[in-house]
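Analysis of the macromolecular model
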Amino acid sequence: MKNRILAFLLALLVVLTGMTLRRAAMGTGATPTRVPVATGVSPMPPFPPAK
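Below: a short report on this structure.

In terms of regular secondary structure, the chain is built from one helix and zero strands. Per-residue burial for the chain yields a buried fraction of 0% across its 51 residues. Put simply, the chain shows about 5,600 Å² of open surface, and 71% of that area lies on carbon and sulfur atoms.

Take a look at the structure:
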């Protein structure tokens, strides 16, 4: 019984380590990046003229 618990904890540790390494390799960190989405139908207004 004790061996099964230890094997489960070891498997869980391996899975979590693999997920962490994969995220670090992708460069995303802990939070996923969000892509900004434009809403509305009118285009952005032009920049004001430089003085």
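This is not the end of the story, as more comes after the structure.
Turning to a nonpolar patch on the surface, a few remarks are in order. The grouping of Met1, Ile5, Leu6, Phe8, Leu9, Leu12, Val15, Leu16 and Met19 at the surface amounts to a nonpolar patch, some 930 Å² of accessible area in total. Here Leu9 lies in helix H1 (residues 2-26). Residue classification places Leu9 among the partly exposed residues on the basis of a relative accessible area of 47%.

Reading guide: rules and limits
- Position numbers for residues count from 1 along each chain, tracking the sequence in the order it is written.
- Totals for whole chains, interfaces and linings use all residues, but because this is a predicted model, local features are given only for residues with pLDDT of at least 70 and pairs of side-chain atoms are given and counted only at 80 or more.
- The side-chain figures draw on all heavy atoms in the structure; neither hydrogens nor water molecules are used.
- Numbered from the N terminus, helices here are DSSP runs of H or I no shorter than four residues, and strands are runs of E no shorter than two.
- Working definition: with a 1.4 Å probe on protein chains only, accessible area under 20% of the residue-type maximum means buried, over 50% means exposed, and in between means partly exposed.
- Every accessible area reported is derived by Shrake-Rupley at a probe size of 1.4 Å, with residue values counting cover from the shown protein chains alone.
- Without a salt bridge and with relative accessible area above 30%, a residue can belong to a patch; like charges are then joined within 9 Å and nonpolar side chains (Val, Leu, Ile, Met, Phe, Trp, Tyr) within 5 Å.
- We define a salt bridge as a side-chain nitrogen of Lys or Arg found within 4 Å of a carboxyl oxygen belonging to Asp or Glu.

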